[in-house]
Structure formats: C-alpha cells, structure tokens
Amino acid sequence: MSARTTALDAVVFGVDIQSGDVRGDAPSYALVVFDGESIERDVVTYRKLRRRIDDEAPTIVATDNMYELAEDKDALVHFLGSLPDETRLVQVTGDEQPEPLSRVASRHGVPYGKDPMKEAEAAARLAATNVGYEVSAFTDTTTVKVSRGRSTGSGGWSQDRYTRRIHGNVRARAREVASDLDDAGLDYEMDATEKYGGYANAVFTVDVHPADIPVSRGRSGDTRVEIERERRDGIEFEPLAKRRDHVIVGMDPGTTTAVAVVSLDGQVHDVLSTRTADTAAVIEWIIERGRPVMVAADVEPMPETVEKVRRSFDAAPWIPDSDLPVDEKQHRTREEGYDNDHERDALAAALFAFDDHEDQFERIARKTPPTLDRGVVIERVLAGERSVETVVDNLVEEDEEDEEEHEHDPRELTAEEKRIRDLERQVERLQSHADELQETVDEKDERIEDLESELSEARREERREARERRTVTRLERRNNALERDVADREETIEELQDKLDRLKELWKLDHSNFADVEEKKRGLVPVKPVAKFTRDAIDDAHDSYGLAPDDVVYLRDASGAGRSTAEKLVEHEPRVVLKQGGLSDIADEVLFEHEIPVGPAADVAMQEVDELAVAREDDVEAVIEDWEARAEARKKDQKSEMVDRLISEHRADEAGSNAF
C-alpha cells in the first residue's frame, strides 16, 4: 500500500560526477548502489554507468542535478528514453528550482559530505525514503508497433508470394500481441494497415507503463516489434511522496474497514474501504495522505480499533453525543463520492468532526502569523487543549532559539547534532504525556521489532522471487523468440531444399555430361522461357541462364517482333521456338529463312520451375516434325510461285520483242 515501502525495497543508484564534465570526452562518476541494507561504492566511466543501469535495471537512479547525466534538454530526453522500463530518474534536491543537497540531507537526517562519493550516497539514501522528484519526459501511454522486419523488395518472379508471406506473418504476430495484452487484462486500441496478404503494420496504444506490457521488443524473421512511450511536451517533475498536510480522519471499523481523509478546510482528500488490510496497513495508508490532528467515529463510544489508530498519531478524538442517524449521514455526504455504506459512515464522521470545529479552525487561522503553519498550531491546540496565543508564542520562541543558536554558534551543526537537537525539543513537548503513553510505546516498540524482523525476511524473499520471476520471464520470451526463429528457418530451408532439388534436375538436363542419361531415364528436355519477343527480353534471358545453340526457347508473348529482333534470336541458334500468340510475318519469314522450327507452345506439355521449365522430348520432336512437314510444303509452294513468276516474266519479254 505504501510507495515509501516500495522505495525502501528497491535498488537505488546514487550518482554524482567525480571528475570531468558531461560535456567533455570522458567524465567519471561516483556510484553508490543501495538496497536498503547493503551499500556498494565504485567509480565508473559514463559508459560503464550506462551499461550497469541497462544490465541491473535499478528502480531509481538518484542525483542532485539531472544535468550531470545529460548536457542539455534534448540529451536528457534521450537519456530518459533509453532507461530500462522499470527505472526512474530522481532529482533529490527538488524540481525546476533545486535546493542545495546539504540542506536537503540535513532536513531529513541523512549523512552528507562534500566528497562526490558521499554526495552520491546521500542522494541514494534520500531517494530510498521517497525524497525528491521523478524527472519524466514521457507519459504512461505506450505504443506497441508490429511491422515488417524485411523489405518486400523491388520485384521478381516470386515477388507476390514473398510479399504475401511477409504481410501474413505481420498479421499473425499482431494477433499474438493482442492475445498477450488480453491475457494480461490490458485495455488497448489497435490500428492496423491492411496490405496484400495481411498487415503492413499494426499499432497498439496501451495506457500503461512499458514495464507492465507482456510483450518484448525485437526482430524475428519477417516481423519487428517496437515499444515506445508517448513523449510529453517538456520535462515534468512529480514528487515521490505527496505532501503530508494536517488532516481529519474518519473511520468505520468492522469486517469491512472504511477510512476517509478530510482537509482542515473541509475538502475530501480520499476514501478507502477494505476487507483485507489490517490496522498497520490502514495506518500506513493514512500516513501517505496526511498528518491527522483529529480521528473521528460515527458512534459513541469510540470503537477500540479507531481508538488504537488515534493513539498511534497522538491525535485528538471526536465522537458524537449519540450514534449518528443514517438520514443525517446521507444528507451530510450527499455531495461527496463513495462506493458503499462503510465509506459513507467514515466520510460522515470526518465531516461532522470538521463541522463541529470549523469555527475554532477559523479563529486559529486568524490568530496565526503568516510565518507559522496553521496546521501545526491546530495540532498543538487540539492535542494539549492550550490556547492559540500560548501555542503561537511557543512556536515563535522556538524559531527565535533557532536564530540565536545560529548567531552564537557560527559552526554549522552536523546532521547528527541537528537530529539530536530536534529530538530534544520533541521530548520536551511530549514530556507531559510520557507517563500516559509509556506503556503504549513499549508495546509498540516490541511489536515494531517483531514486524521489522518479519518485514526484512519478507523483503529478502520477495526480492529473490522477483529476480527469479524476471529471469524466468526473460528466458521464456527469449525461448519463444528462438522457437519462432527456428520455425521460420526450417520453413525457409524446406522451400530452398525443394527448389534446389528441382534446379539440380534442370541443371543435369542442361549439361552434356548428364543429358544422355536424363533423356533416356525421363525423356525430358530443358526449356528456356523468354518473357516477350523483344531484344531486351532476349538479353535478359541470356544474362539470367544463358541461351546456347540447340536450346528449346519458349516465347511467352511472341507478338510484335520485327526483323532485327528475329535476327537476334537467330544468333543464338535455337533448336526450336515454342510460341504463345502469333508471330509477325517478318519475324516468321526470318526464322523460316534460317530453318529454325517454330510451333505453338500449347502442343507441348511443359512444367515450369521458377524461371526455367522442362518439356517432354517426344512433344518437342513432334513440333519439329510438324514444322518440317509444313516447311517442305511451304518450300514447294515457293518454288511453284517462282516458276510461275519466271514463265510470266519470259512471256512478257517475248511479247515486247514481237512488238518491235
């Protein structure tokens, strides 16, 4: 329940610059590692400091000046963005206008020295007790982006299949991320960009800190996962511990315990109802929200549990003359928010206590000088039933004594001496109550000792279990990523192995050392496709797999070729040309003149393997034989036409001679 308890359990890095400057080439830092029990001291370079932060992920990196870790605002934002998800940067000396570290350490009773190592230790100890401000450049809104881990490329024979596979894997990974977020009970918004075969990317917006997201960033196969926090407009400071103003507490004990905290101005600060928290946890919750000057109940007499809480704060009691009626409690709390009747009763007790003392609080405020804290005056008036004037005079005298001590003792008190002085004054103020409270104090000391022993053991066990959980989670995520990577690689290997086997068959068919064997064994012949009957397409095919004499060439689109294109194909001396579509007359004439057989590709059963293909030798021979038969008839027709033309020309010549 307590942020302070959490801080005490955490590992804190106290940092102070040892030598050099962050704007220089090689600054060194005094580093103190503090876990609430043990302390480690070391002098490290900036690079080693960053490496230790990344490796150990401390809960807090504490410093007296945030610009000792970054040279300017942009560098500070970059530093904050590079910290592990569970690590916070804390400036223990304040926010935009920090105080001297010596003053802060003295105020909180922390040992201080001007040596950098002692300043680093003071920063660590202060942050461990929730002193200071968290430096933040990011909100708690996090985006998880699943995108392509590879480029889809610029094109190729298998471009569509390759692109479809990548987009399909991005969609599958996005579904895994959505499932992980659902399992963790996190609300999110998803914005996916759909592309051919799946997603180009998917962006999840989650209103939690990155450390609470059960997804790891990184690249695996065709996908990449990026996790980023939403950037603030500037640098913001948030106190580690809320200011503890003087307050009024109302309680309703029972199976469900309810507590309400109200300011000295009658404003409701917070309300709690719990079935599990014990009295110690309730007290801790109250401590986080203020310093009670009065504890109130809605019944008479005051219940034992409420009385116990009141004595723990040495606060004034308030109880009604008789049990508060339900209708009066409902009327008094009608403008306040509460979840159940227990919270209503606790609120009513606190608000009725305020109503009963409102006039007194106003009189005290009027008589309290501006230099004094009104809450302190009210606390002493209620606790000692002394007049306002007496309390104010005592507080003024104490301030004057402080000034006199500084005037007569020019030596600056050490932190221990200041702590002793404050304790002596406290003893003097409480001496009149010592006898009454001594028995309670003894009981509490004994109970505290037992609880501290149990708490220390529980903390050690919790830290050990937390380390084990982090290690197991990290290894599980790594193992899952490796398993996905192995699966992707096995799929790729299987595809490549199949392609390699087919290419080996084609290679054997295309080489003389194996051609005879393969032709006898399978009766197949390699076919080399050309995309279009153009000079560029012929050159591309030749560059890709070579066009050699006696090759079977397959024109995927035979239309549109001219003489020069046909002659370029003739230069490669193909055995036969299989065509898809019709040839131009001029191209057909050139191929016929060079006695290159041409036939329709539809007459040949072909099987394509990526860029190459194979066909049955019998089908190819049949096309050649068919062409030869047609060529023989075509030659006869040409000879007949030539004879007829010669006879016609001869007759024309004789007719001309007879005319003369």
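Let's talk about the packing of helix H17 (residues 563-571) against helix H18 (residues 585-593)
- Relative orientation of the contacting elements H17 and H18 amounts to 30°, with a least axis distance of 8 Å. Our classification of the angle between H17 and H18 gives roughly parallel. Like other packed secondary-structure pairs, H17 and H18 cross with a definite hand, here right-handed. Only Ile586, Ala587, Val590 and Leu591 of H18 make contact with H17, whose side of the interface consists of Arg563, Ala566, Glu567, Leu569 and Val570.

A few points about the packing of aromatic side chains
- Taken as a whole and assessed by the stated rule, the structure comprises four aromatic pairs.
- With a centroid separation of 6.0 Å and 45° between ring planes, the pair formed by Tyr29 and Tyr46 is classed as tilted. Taken together, the residues Tyr29 in strand E2 (residues 28-34) and Tyr46 in helix H2 (residues 46-56) connect sequence positions 17 residues apart.
- Judged by centre distance (5.6 Å) and plane angle (65°), the rings of Tyr188 and Phe204 are edge-to-face. Highlighted residues: Tyr188 in strand E7 (residues 188-195) and Phe204 in strand E8 (residues 198-206), separated in sequence by 16 residues.
- Classification of Phe204 by relative accessible area gives buried; the value is 0%.

Here we look at the confidence of the model for the protein
- Across the protein, pLDDT averages 83, with 86% of residues at or above 70.
- Helix H1 (residues 3-9) is the least confidently modelled element of the protein, averaging 41 in pLDDT, while strand E4 (residues 60-63) averages 94, the highest of any element.
- Counted against residues more than four places away or in other chains, residues 1-8, with its pLDDT under 50, gives 23 contacts.
- Taken as a whole, residues 405-411 scores under 50 in pLDDT and shows four contacts with residues more than four places along the chain or in a different chain.

Focus: unusual backbone geometry
- Residue Pro301 follows Glu300 across a cis peptide bond; omega there is 0°.
- Look at Ala57: it is not a glycine, yet its phi comes out positive at around 45°.
- Its place among the elements puts Ala57 in the loop between H2 and E4.
- Unusually for a residue other than glycine, Asn130 sits at a positive phi of about 65°.
- By the element assignment, Asn130 lies in the loop between helix H5 (116-128) and strand E6 (133-148).

Conventions adopted
Residues numbered from 1 in each chain as written. Predicted model: local features only at pLDDT ≥ 70, side-chain atom pairs only at ≥ 80, totals over all residues. Heavy atoms only, no water. Axes fitted to C-alpha atoms, helices over the stretch in contact; angles between N-to-C directions. Helix = DSSP H or I, 4+ residues; strand = E, 2+ residues; numbered from the N terminus. Parallel < 35°, antiparallel > 145°, perpendicular 65-115°, else oblique. Left-handed = near helix turned anticlockwise from the far one by under 90°. Contact = heavy atoms within 4.5 Å. Phe/Tyr/Trp six-rings, centres within 6.5 Å; stacked < 30°, edge-to-face > 60°. Buried < 20%, exposed > 50% of the residue type's maximum accessible area, 1.4 Å probe, protein only. pLDDT = per-residue confidence, 0-100.

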